[in-house]
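So you can see what is in the structure, the chains are spelled out below.
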Amino acid sequence: MKDIKHYINGQYVGSASGKLFDNINPANGQVISKVHEAGRDEVDAAVQAAKAALRGPWGKMTLDQRTAILHKVADGINARFDEFLDAECLDTGKPKSLARHIDIPRGAANFKVFADMVKNVPTEAFEMPTPDGTGALNYAVRRPKGVIGVISPWNLPLLLMTWKVGPALACGNTVVVKPSEETPTTTALLGEVMKDAGVPDGVYNVVHGFGGDSAGAFLTEHPDVDGFTFTGETGTGEVIMKAAARGIRDISLELGGKNAGLVFADCDLDKAIEGTMRSAFANCGQVCLGTERVYVERPIFDEFVTRLKVAAEELRIGPPDDSDASMGPLVSLKHREKVLSYYQKAVDDGATVVTGGGVPDMPGSLAGGAWVQPTIWTGLADDSAVVTDEIFGPCCHIRPFDTEEEAIDLANSLPYGLASAIWTENVTRAHRVAGQIEAGIIWVNSWFLRDLRTPFGGSKQSGVGREGGVHSLEFYTEMKNVCIKL
Ligand SMILES: NC(=O)c1ccc[n+]([C@@H]2O[C@H](COP(=O)([O-])OP(=O)(O)OC[C@H]3O[C@@H](n4cnc5c(N)ncnc54)[C@H](O)[C@@H]3O)[C@@H](O)[C@H]2O)c1
Ligand SMILES: O=C/C=C/C=C(\O)C(=O)O
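Treat the numbers as computed from the prediction; the structure is a model and nothing was measured.

Definitions and cut-offs
Residue numbers run consecutively from 1 along every chain, following the written order of its sequence. Key to labels: chains lettered from A, ligands numbered from 1, both in the order written. Local features in this predicted model are restricted to residues whose pLDDT is 70 or higher, and side-chain atom pairs enter the listing and the counts only when it is 80 or higher, whereas totals over whole chains, interfaces and linings include all residues. Water and hydrogen atoms were dropped before computing side-chain values, which therefore reflect all heavy atoms in the structure. The nearness test applies per residue and asks whether one of its heavy atoms lies within 4 Å of the molecule or strand. Polar contacts here mean pairs of N or O atoms no more than 3.5 Å apart (in protein, one a potential hydrogen donor and the other a potential acceptor; neighbouring residues in sequence count only if both atoms are side-chain atoms). We get accessible surface area from the Shrake-Rupley algorithm with a probe of 1.4 Å; when it comes to residues, only the shown protein chains can shield them. Cavities and pockets are found on a 1 Å grid laid over the protein atoms alone: a cavity is a set of points where a 1.4 Å probe fits but cannot escape, a pocket is an open set with protein on both sides within 12 Å along at least five of seven lines, and a lining residue has an atom within 4 Å of such a point. A cavity or pocket is said to hold a molecule if more than half of that molecule's atoms lie within 2 Å of its grid points. In this description a helix means any DSSP run of H or I spanning at least four residues, a strand means any run of E spanning at least two, and both kinds are numbered starting from the N terminus. Put simply, Ala, Val, Leu, Ile, Met, Phe, Trp, Tyr, Cys and Pro go in the nonpolar bin, Asp, Glu, Lys and Arg in the charged bin, and everything else, Gly too, in the polar bin. How far each domain reaches was decided by an automatic or database domain assignment. Here, two residues are considered to be in contact whenever any of their heavy atoms come within 4.5 Å of each other. Here the quantity called buried area is the total loss of accessible area, with a 1.4 Å probe, experienced by two parts when brought into contact, counted for both. In what follows, salt bridge is the name for a side-chain nitrogen of Lys or Arg lying within 4 Å of a carboxyl oxygen of Asp or Glu. Put simply, a disulfide is two cysteine sulfurs that come within 2.5 Å. In this scheme, a residue with accessible area under 20% of its type's maximum is buried, one over 50% is exposed, and one in between is partly exposed, where area comes from a 1.4 Å probe on protein chains only. What is meant by a nonpolar core is a set of buried Ala, Val, Leu, Ile, Met, Phe, Trp, Tyr and Cys residues, joined one to another through side-chain atoms within 4.5 Å.

## Points about the site of ligand 1
Piece 1. Close to ligand 1 lie 29 residues; Lys178, Glu181, Thr236, Leu255 and Glu390 are nearest.
Piece 2. Within the side chain of Thr236, an N or O atom sits 2.7 Å from an oxygen atom of ligand 1.
Piece 3. Within the contact set of ligand 1, an oxygen atom lies 3.5 Å away from a side-chain nitrogen or oxygen of Glu254.
Piece 4. Alone, ligand 1 offers 840 Å² of accessible surface; in the complex the protein occludes 91% of this.
Piece 5. When each cavity is represented as a set of grid points, ligand 1 is found to reside in the largest pocket.
Piece 6. Of all elements in the fold, only α9 (215–221), β11 (227–231) and α10 (234–245) reach the threshold of two or more residues within the shell around ligand 1.
Piece 7. Among the residues forming the shell around ligand 1, the class breakdown is 14 nonpolar, ten polar and five charged.
Piece 8. There are two domains that each give the shell around ligand 1 at least three residues, and those are domain 1 (2–256 + 462–485) and domain 2 (259–444).

## Side note on the domain arrangement of the chain
Piece 1. Looking at the chain, the domain boundaries give domain 1 (2–256 + 462–485) and domain 2 (259–444).
Piece 2. Spacing between the C-alpha centres of domain 1 and domain 2 amounts to 31 Å.
Piece 3. Contact residues are listed per partner, giving 24 residues for domain 1 and 27 residues for domain 2.
Piece 4. Overall, the association of domain 1 and domain 2 removes approximately 2,000 Å² of surface from exposure, summing both partners, and the carbon and sulfur fraction of that is 58%.
Piece 5. At the boundary of domain 1 with domain 2, the tally comes to one salt bridge.
Piece 6. Measuring nitrogen to oxygen at the nearest pair gives 2.9 Å for the salt bridge that ties Asp321 to Lys96.

## Some details on the site of ligand 2
Piece 1. Contacts to ligand 2 come from Arg106, Asn155, Leu156, Leu159, Leu160, Trp163, Val287, Cys288, Leu289, Phe448, Arg450 and Phe456.
Piece 2. For ligand 2, whose accessible area on its own is 300 Å², the fraction buried by protein is 99%.
Piece 3. Mapping ligand 2 onto the cavity grids shows that it belongs to the largest cavity.
Piece 4. Ranked by the residues each element gives to the shell around ligand 2, the list is headed by helix α7 (residues 157–170), at three residues.
Piece 5. For the shell around ligand 2, the residue count by class is nine nonpolar, one polar and two charged.
Piece 6. There are two domains that each give the shell around ligand 2 at least three residues, and those are domain 1 (2–256 + 462–485) and domain 2 (259–444).

## Brief notes about the state of the cysteines
Piece 1. Using the criterion set out here, one finds zero disulfides in the structure.
Piece 2. Cys284 provides the cysteine sulfur closest to Cys89, a residue in no disulfide bond, and the two sulfurs are 13 Å apart.
Piece 3. Under the relative-accessibility criterion, Cys89 is labelled buried at 1%.

## What to know about the nonpolar core
Piece 1. In this structure, Val73, Val165, Leu190, Tyr204, Leu289, Phe304 and Ile398 are the most contacted members of the largest nonpolar core, which totals 118 residues.
Piece 2. Considering each element in turn, this core owes the most residues, nine residues, to α7.
Piece 3. Structurally, this core is a two-domain feature, drawing no fewer than three residues from each of domain 1 (2–256 + 462–485) and domain 2 (259–444).
Piece 4. What Phe304 contacts, discounting residues up to four positions off in sequence, is Val263, Leu269, Ala272, Ile273, Thr276, Val294, Val296 and Ile398.

Shown next as structure tokens:
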């Protein structure tokens, strides 16, 4: 059976401890590969390699040379598209039809977009008077931050990891990546692409393992990492923030959400149903931007619920290779336990189960997979944990509202503030409501429409900082002001 090793200083290496853990296919519960678990020594080797590489050829390259290499990385992903696709879908169970259009193309785009961006972003200059009348000139330059620790989750593994590694490398940093223990393969495979593209050894390093008391914690506790960029749960973000405080290291945190969809009676209902279907059920509901709370204006509430139920029941559940499948399994049996505990809680709290609520019958070997039914509830109180906690499954609760103010209050009622989707054909209302929602990302009559130049991140407990466009450059560089007395 294949074993997945760390990628340190341009070489694939195993753990000195010989500790391995299973990488499991969530579609059937079978072991795909064995993964080396990093101890402190491997993490230290990766960080030292990254530190040394800052002073090596990578640090001496011109911007043109560096960005040309990053274009080759993107081309390398595209040249091995099917390998990345197979690996991502085996690790996550997601439909190939989905990963083919989103995960893998974005993996490549994340390198191209930021390579082009760093070449075109201006910095500032200020002329100032001085008492002697000669004046002075200030100008700012960007320098890499140093060694960046990248800790990424399992829901969109290649997309979310490269969303950070792309700009980090474009800005001239080096990285140590700790991918999710659930989905290590594409991060490992990217090492081969880096090598072939001419990325110098030590620039891209990968260590595998778990979070607490494992590779994740060892990385955040390592004093030679200059900054951390993390995507994952809010609770983990708190732990990482604390670790980063030692040594005053910078952080960028993209955390959880319990996002609201607001559907007004003046919406185009076909579009609202289609968009809400994606925002609730795409990637088996495992998208941080998903809408697990849907608020619908009362005159169209019944029709909306009926139509969403019909559409949810038309979703075809199946494994990655099933070209008709629109929904795969959850990422693991452990995550399914969590999701099913909320399915049970909804019933205990008196929900009306509009559809789903259980586990589908799957044939043959698929019976061992982490399958769940897409689920819709109505009738829960606003303080039910099903309505306030991020479940991260294919489910949503739909509740009626009567006024715009009520809809806004409901959307803003939780400590999360990641994203929101507003459905209305009234353009004035769209702007008015968008301006009042406490969230970092608002979509109007759309969902997950991504322009990589835009600020991306969450407010309140959904994150710290923004990435995307020049905001990524803010995080991945140190600005230095040079003041010249003339
Ligand atoms: N805001 C966003 O952009 C965004 C995007 C995707 C996912 N998410 C969130 O991610 C979560 C799902 O992902 P997950 O379950 O993999 O999250 P998670 O927080 O459990 O794990 C994310 C990563 O952190 C590591 N980790 C866990 N504990 C750690 C510790 N103590 N120290 C260092 N590293 C540690 C894990 O091994 C993994 O690599 C959801 O809450 C979702 O909303 C947010
Ligand atoms: O699950 C969360 C999805 C996050 C998406 C991005 O970070 C992105 O599109 O850049």
